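A closer look at the structure
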Amino acid sequence: MAKLRVGDVVKFCIKKITYFGIFCELEGVTALIHPIRSFMGCRFRHCYMFQDRSVSKGRFLSSPPGLSPTFQVYMEPMFENQYKLLARAGNRVQEWVSSINFDSREMGSSVEQNILVTGGAGFIGTHTVVQLLKEGFKVSDRTLIISVSIIDNLDNSVIEAVDRVRELVGPDLSKKLDFTQGDLRNKGDIEKLFSKQRFDAVIHFAGLKAVGESVANPRRYFDNNLVGTIHLYETMAKYNCKMMVFSSSATVYGQPEKIPCMEDFELKAMNPYGRTKLFLEEIARDIQAAEPEWRIVLLRYFNPVGAHESGRIGEDPKGIPNNLMPYIQQVAVGRLPELNVYGHDYPTEDGSAVRDYIHVMDLADGHIAALRKLFADPKIGCTAYNLGTGRGTSVLEMVAAFEKASGKKIPIKLCPRRPGDATAVYASTERAEKELGWKAKYGVDEMCRDQWKWANNNPWGYQKKP
Ligand SMILES: O=c1ccn([C@@H]2O[C@H](COP(=O)(O)OP(=O)(O)O[C@H]3O[C@H](CO)[C@H](O)[C@H](O)[C@H]3O)[C@@H](O)[C@H]2O)c(=O)[nH]1
């Protein structure tokens, strides 16, 4: 019979799954707090009571719902040094000093991770949340169970998109999804979230992304993208959450002198939006250099298109779209009369500009690969990865592919080049393939098929026809 003391870490098995718990006192009753839940979610849902401090074959005073009341329990000194626990007697045990350097690889075989997704109601955010909840992710041989909290100010997104995410993942997984309407520029909004629960990593999508608007109103861009992100870093540091996947963009390559774009190319910005992405990359590098415990992955997206194969979620820009595919989609459903093709005298095969279009589901999987890397590689530092297919497609080829997928004719008007546009941009995918083990699966035909399914089912996006 083992004698446990407050602060002891114990290892126990329930239905062959290994858990770790910390023995403490709670309102005068000895309790085993399950750190997987409590540290990861600060929720104390699993608080196992014992009759006294003596535990043999583990008998619960009150057994947790759905679990067998018998289990094995034994002392496990392995983690004692890693957990600094302040267990207080009192009616609210909140004071967990979580200066642990948590490494999921060392934990039990099933570990729940709480991921904060900023801007999770947006285009790439919704698709990533669906994949995260559905697939979880594996680190070494362990599947990490995910719970997701979205914070989004709904500036360029709608709550309907989150409802559809819930519909796609089903009622059980929906229980693992939280939504908060909040703005990263209000420090109080982020503070409130972090003070309620522990986050293990953040995927940071929130931000504005329209190039033209950023030229007309740069302060709005600096405020949203820079101030919001700085607040986020400060709060993460305060709560010792130091893993971040950041949405960067191929825009940081400016007009690349060579293609394919490699991650170590010189970085340039062509407009205020691009400058915010470039500054935020630099900020990430500086923070990580000063505090090496940070693990940050910068994902440079090329041209995200397509939609979830269900046709239930997709891109729904407010106003007239700036980007090619949402524009084509609105022409196809009759919301716009024709597509302006900007530039037909580029030195490319058909004279139109070439980009690296990537299916949003591939991007979503790229975020999961990035998270896996963060959890598995303490030496990741701050590393940038291109997320593209490595293939270039011209504007006219995209139009033809969409016509084929939709069976609709897309009327076009050949127009002069759009100022600031590069001739051809596509990614080198080598680093992401090698280090993240990620490679895009979908081609242009699937992108257009899924984009059309979304457009055809939702010609007015998430809104009803006005
Ligand atoms: O109505 C349109 C819209 C776009 N285009 C053309 O289609 C191509 C793609 O344009 P997008 O606006 O869809 O995408 P960009 O490549 O210009 O920019 C996108 O990808 C960049 C990185 O490569 C940045 O991330 C940027 O923020 C993002 O909008 C360009 O040649 C553009 O001139 C048209 O011909 N007609």
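Residues numbered from 1 in each chain as written. Predicted model: local features only at pLDDT ≥ 70, side-chain atom pairs only at ≥ 80, totals over all residues. Heavy atoms only, no water.

**Describing the site of the ligand**
Residues in close proximity to the ligand total 19 residues, the closest being Ser-249, Asn-323, Asn-340, Arg-355 and Asp-421. Residue Leu-324 places a main-chain N or O atom 2.8 Å away from an oxygen atom belonging to the ligand. Between Arg-355 and the ligand, the recorded distance is 2.7 Å, taken from a side-chain N or O atom to an oxygen atom. Protein chains bury 90% of the 680 Å² of accessible surface belonging to the ligand in isolation. Elements supplying a minimum of two residues to the shell around the ligand: α8 (324–332) and β16 (339–342). No other element matches the four residues that β16 contributes to the shell around the ligand. When its residues are assigned to classes, the shell around the ligand shows 10 nonpolar, six polar and three charged. (Near = heavy atom within 4 Å. Polar contact = N/O pair within 3.5 Å; in protein donor to acceptor, adjacent residues only side chain to side chain. Areas by Shrake-Rupley, 256 points an atom, 1.4 Å probe, with all protein chains shown as cover. Helix = DSSP H or I, 4+ residues; strand = E, 2+ residues; numbered from the N terminus. Nonpolar A, V, L, I, M, F, W, Y, C, P; charged D, E, K, R; others polar.)

**A word on the confidence of the model for the protein**
For the protein, the average pLDDT comes to 81, and 74% of its residues sit at 70 or higher. Below pLDDT 50 for its whole length, residues 25–30 participates in 21 contacts with residues either more than four positions away or in separate chains. Taken as a whole, residues 35–110 scores under 50 in pLDDT and shows 201 contacts with residues more than four places along the chain or in a different chain. Prediction confidence for the complex, expressed as pTM and ipTM, is 0.80 and 0.97 respectively. (pLDDT = per-residue confidence, 0-100. Contact = heavy atoms within 4.5 Å.)

**A short note on the environment of Asp-200**
You can see Asp-200 is positioned in the loop between α4 (187–196) and β12 (201–204). For Asp-200, a relative accessible area of 5% corresponds to the buried category. Through-space distance from the C-alpha of Asp-200 to that of Met-243 is 7.0 Å; in sequence the pair is 43 residues apart. Polar side-chain contacts of Asp-200 include one of 2.7 Å to the backbone nitrogen of Asn-114. (Buried < 20%, exposed > 50% of the residue type's maximum accessible area, 1.4 Å probe, protein only.)

**A few points about the nonpolar core**
Core analysis: the biggest nonpolar cluster contains 47 residues, and Ile-115, Leu-132, Val-148, Leu-299 and Leu-371 have the highest contact counts within it. For this core, the leading source of residues is helix α9 (residues 360–376), giving eight residues. In this structure, Leu-184, Tyr-233, Ile-296 and Leu-298 belong to the second largest nonpolar core, which totals 23 residues. (Core = buried A, V, L, I, M, F, W, Y, C linked by side-chain atoms within 4.5 Å.)

**Observations regarding the pattern of salt bridges**
One pass over the full model with this rule turns up 25 salt bridges. Note that Glu-234 is salt-bridged to Lys-187, the shortest N-O span being 2.4 Å. Placement of Glu-234 in helix α6 (residues 218–238) and of Lys-187 in helix α4 is noted, with a sequence separation of 47 residues between them. Across the pair Glu-403 and Lys-409 runs a salt bridge, and its minimum N-O distance is 3.3 Å. By relative accessible area, Lys-409 is classed as exposed at 66%. Each member of the salt-bridge network shares a partner with another, and the members are Glu-281, Glu-282, Arg-285 and Arg-300. (Salt bridge = Lys/Arg side-chain N within 4 Å of Asp/Glu carboxyl O.)

**Brief notes about the packing of helix α10 (residues 395–406) against helix α12 (residues 444–457)**
One way to put it is that α10 packs onto α12 with a least axis distance of 8 Å and a crossing angle of 55°. By the angle between their directions, the pair α10 and α12 is classed as oblique. For the pair α10 and α12, the sense of crossing is right-handed. Residue-level inspection shows Met-398, Ala-401, Phe-402, Lys-404, Ala-405 and Ser-406 of α10 in contact with α12, the latter providing Val-444, Asp-445, Cys-448, Arg-449, Gln-451 and Trp-452. (Axes fitted to C-alpha atoms, helices over the stretch in contact; angles between N-to-C directions. Parallel < 35°, antiparallel > 145°, perpendicular 65-115°, else oblique. Left-handed = near helix turned anticlockwise from the far one by under 90°.)

**Observations regarding the pairing of strand β14 (residues 295–301)**
Counting buried residues along β14, seven of its seven residues qualify, which places the element largely inside the surrounding structure. A two-sided burial pattern is seen for β14, the buried positions comprising Arg-295, Val-297, Leu-299 and Tyr-301 on one face and Ile-296, Leu-298 and Arg-300 on the other. As defined by bridge partners, strand β13 (residues 243–249) adjoins β14 across seven bridges and the pair is classed as parallel. Considered in β14, the bridge of Val-245 is made with Val-297. With helix α7 (residues 272–290) bridging β13 and the parallel β14, this β-α-β connection has right-handed handedness. As defined by bridge partners, β14 adjoins strand β19 (residues 382–387) across six bridges and the pair is classed as parallel. Each residue of the ladder has a partner; that of Tyr-301, found in β19, is Leu-387. (Pairing = 2+ DSSP bridges. Right-handed = clockwise from strand over helix to strand, strands pointing away.)

**Thoughts on α6**
Here α6 contains 21 residues, and its C-alpha end-to-end distance of 29 Å stays within 8% of the 30 Å for a straight helix at 1.5 Å per residue. Turning to α6, its buried residues number three or more, namely Tyr-221, Asn-224, Asn-225, Leu-226, Gly-228, Thr-229, His-231, Leu-232, Tyr-233, Thr-235 and Met-236. (Expected span 1.5 Å × (residues − 1).)

**Looking at α12**
Taking 1.5 Å per residue as the helical rise, α12 with its 14 residues ought to reach 20 Å, and the 20 Å between its terminal C-alpha atoms agrees with that figure. Those residues of α12 lying buried are Val-444, Met-447, Cys-448, Asp-450, Gln-451, Trp-452, Trp-454 and Ala-455. Where α12 is buried, its residues meet α3 (159–174), β15 (303–305), α8, β18 (357–359), β20 (393–394) and α10.

**Here we look at the pairing of β12**
Burial of β12 is two-sided: the residues Ala-201 and Ile-203 facing one way and the residues Val-202 and His-204 facing the other way are all buried. Bridge analysis of β12 against β13 gives three bridges, and the strand direction is parallel. Looking at the pairing, Ile-203 lines up with Val-245 of β13.

**Focus on the environment of His-204**
Along the chain, His-204 falls in strand β12. A sequence separation of 199 residues divides His-204 from Glu-403, and the C-alpha atoms of the two residues are 34 Å apart. Filtering out sequence-adjacent residues up to four positions away, His-204 remains in contact with Thr-118, Leu-184, Thr-229, Leu-232, Met-244, Val-245, Phe-246 and Ser-247.

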